[in-house]
Amino acid sequence: MGATPCTDSITIEFGCQFRVELTDGSLEGILKAFCKLLPELLRDFIQKVLVGFGESVMVHSRKPFCCEECGNDKEFIWKTRHGKETKILTVFQWVSLEQLQVQCKRCGHKRYITRKLLGIEPMKRIPRETYRKLGLVGSLTTYRVAKKIVSMFGWTVDKMTIWRSVQKTASEIAFPLDEKELPLGEADGTGVGGLYHNIVNLKNIITS
């Protein structure tokens, strides 16, 4: 299970300005240009939201995190809002984020709060929701084809990451048999239970 994200309501103002060179005005050309902008745009938006939630929780008397050394969960000061970078794989792209770091006023211990704010387990680079989506794609076809499919949507993910995603989420993936379809299944070694050729029910699985 992932960490519990901070859920206080905040409002941020987010503006962006990019210089883009396009060779043609076709939809394909526009989407290619947007895909090049997406990592930077997504990074800036996530960073803005992170700082907003960080500022919000720091004014609370009791914080949603505690010092890993002395257990203090009240007295902290900012160490930096733009610390050492860390990479996280979102459902869109890998993004590099500048970590938020606070310091305990009681014992002086420093800790990063970025993953706590995002609801991601400590030291993890791939959130559970990303694993679930990659695991579903990887269970439907070969890993080579799965890599090709996700690359079409801008993901830079290798076959091993897709394989790990299938292994981590196989027990959660189920392909129920449509009563109108033939009871055909196959054993493919993914660990996914009941991998039936049932295209009709894929929509329910993807949107669940």
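Refer to the structure above for everything that follows.
Model, not experiment: these values are computed from the prediction.

1. Notes on the sheet that holds strand S1 (residues 76-80)
Phase 1 of the analysis: The strand order across the open sheet formed by 3 strands is S1-S4-S5, and the pairing between neighbours is antiparallel. For this open sheet the edge positions go to S1 and strand S5 (110-112), each flanked by a neighbour on one side alone. Across the sheet, the mean angle from the axis of one strand to that of its neighbour is 35°, orientation sign disregarded.
Phase 2 of the analysis: In the packing of helix H1 (residues 27-58) onto the sheet, contacts are made with S1 and strand S4 (101-104), and the angle to S1 comes to roughly 155°.

2. Examining the pattern of salt bridges
Phase 1 of the analysis: What the rule picks out here adds up to 8 salt bridges.
Phase 2 of the analysis: Here Arg43 makes a salt bridge to Asp44, at a shortest N to O gap of 3.1 Å.
Phase 3 of the analysis: Across the pair Glu55 and Arg81 runs a salt bridge, and its minimum N-O distance is 2.6 Å. In this pair, Glu55 is assigned in helix H1 and Arg81 in the loop between S1 and strand S2 (85-89), connecting sequence segments 26 residues apart.
Phase 4 of the analysis: Residue Glu55 is classed as partly exposed on the basis of its relative accessible area of 33%.
Phase 5 of the analysis: Residue Arg81 is classed as partly exposed on the basis of its relative accessible area of 29%.

3. Brief notes about the packing of helix H3 (residues 128-140) against helix H4 (residues 143-151)
Packed helices, taken two at a time, are described by the angle their axes make and the gap between the axes.
Phase 1 of the analysis: Direction vectors running N to C along H3 and H4 enclose 130°, while the axes themselves pass 8 Å from each other. The pairing of H3 with H4 is recorded here as oblique in orientation. Here the hand of the crossing between H3 and H4 comes out right-handed. Seen from H3, the contacting residues are Leu134, Val137 and Gly138; seen from H4, they are Tyr143, Ala146, Ile149 and Val150.
Phase 2 of the analysis: The residue inventory of the contact of H3 with H4, partitioned by class, reads 6 nonpolar, 1 polar and no charged.

4. Focus on the nonpolar core
Soluble, globular proteins show a tendency: their nonpolar side chains are buried together.
Phase 1 of the analysis: Of all hydrophobic cores here, the largest spans 20 residues; its most connected members are Met58, Phe65, Phe76, Leu100, Val102, Ile113 and Leu117.
Phase 2 of the analysis: Elements represented by at least two residues in this core include exactly H1, S1, strand S3 (94-98) and S4.
Phase 3 of the analysis: Take this core: its biggest share by element is 7 residues, from H1.
Phase 4 of the analysis: When residues no more than four places from it in sequence are discounted, the contact partners of Phe76 are Met58, Lys63, Phe65, Cys66, Cys67, Val102, Gln103, Cys104 and Lys105.
Phase 5 of the analysis: Within the second largest apolar cluster, 10 residues are counted, among which are Leu89, Ile126, Tyr131 and Val157.

5. Re the pairing of S3
Phase 1 of the analysis: Taken together, the 5 bridges between S2 and S3 define a ladder with antiparallel strand orientation. Across the sheet, Thr86 pairs through a bridge with Leu97, a residue of S3.

6. Digging into the environment of Lys168
Phase 1 of the analysis: Looking at where Lys168 falls in the secondary structure, it is placed in helix H5 (residues 159-169).
Phase 2 of the analysis: Residue class for Lys168 comes out partly exposed when judged on its relative accessible area of 41%.
Phase 3 of the analysis: Each C-alpha atom, one on Lys168 and one on Tyr131, is 7.4 Å from the other, the two residues being 37 residues apart in sequence.
Phase 4 of the analysis: Here Lys168 is in contact with Arg128 and Tyr131, once residues within four sequence places are set aside.

7. Regarding the packing of aromatic side chains
Phase 1 of the analysis: Enumeration over the complete set of coordinates arrives at 2 aromatic pairs.
Phase 2 of the analysis: Ring centres of Phe14 and Phe45 lie 5.2 Å apart, and the angle between their planes is 80°; this geometry places the pair in the edge-to-face category. Residue Phe14 is found in the segment before H1, and its partner Phe45 is found in helix H1; the two are separated by 31 residues along the sequence.
Phase 3 of the analysis: Phe14 gets classed as partly exposed once you look at its relative accessible area, which sits at 33%.
Phase 4 of the analysis: Residue classification places Phe45 among the partly exposed residues on the basis of a relative accessible area of 38%.
Phase 5 of the analysis: Taking 5.1 Å as the distance between ring centres and 70° as the angle between the ring planes, the aromatic pair formed by Phe65 and Phe76 counts as edge-to-face. In this pair, Phe65 is assigned in the loop between H1 and S1 and Phe76 in strand S1, connecting sequence segments 11 residues apart.
Phase 6 of the analysis: Seen from the ring of Trp94, Lys87 lies directly overhead, with NZ or CZ sitting 5.1 Å from the centre.

Parameters at a glance
Residues numbered from 1 in each chain as written. Predicted model: local features only at pLDDT ≥ 70, side-chain atom pairs only at ≥ 80, totals over all residues. Heavy atoms only, no water. Pairing = 2+ DSSP bridges. Helix = DSSP H or I, 4+ residues; strand = E, 2+ residues; numbered from the N terminus. Axes fitted to C-alpha atoms, helices over the stretch in contact; angles between N-to-C directions. Contact = heavy atoms within 4.5 Å. Salt bridge = Lys/Arg side-chain N within 4 Å of Asp/Glu carboxyl O. Buried < 20%, exposed > 50% of the residue type's maximum accessible area, 1.4 Å probe, protein only. Parallel < 35°, antiparallel > 145°, perpendicular 65-115°, else oblique. Left-handed = near helix turned anticlockwise from the far one by under 90°. Nonpolar A, V, L, I, M, F, W, Y, C, P; charged D, E, K, R; others polar. Core = buried A, V, L, I, M, F, W, Y, C linked by side-chain atoms within 4.5 Å. Phe/Tyr/Trp six-rings, centres within 6.5 Å; stacked < 30°, edge-to-face > 60°. Lys NZ or Arg CZ within 6 Å of the ring centre and 35° of its normal.

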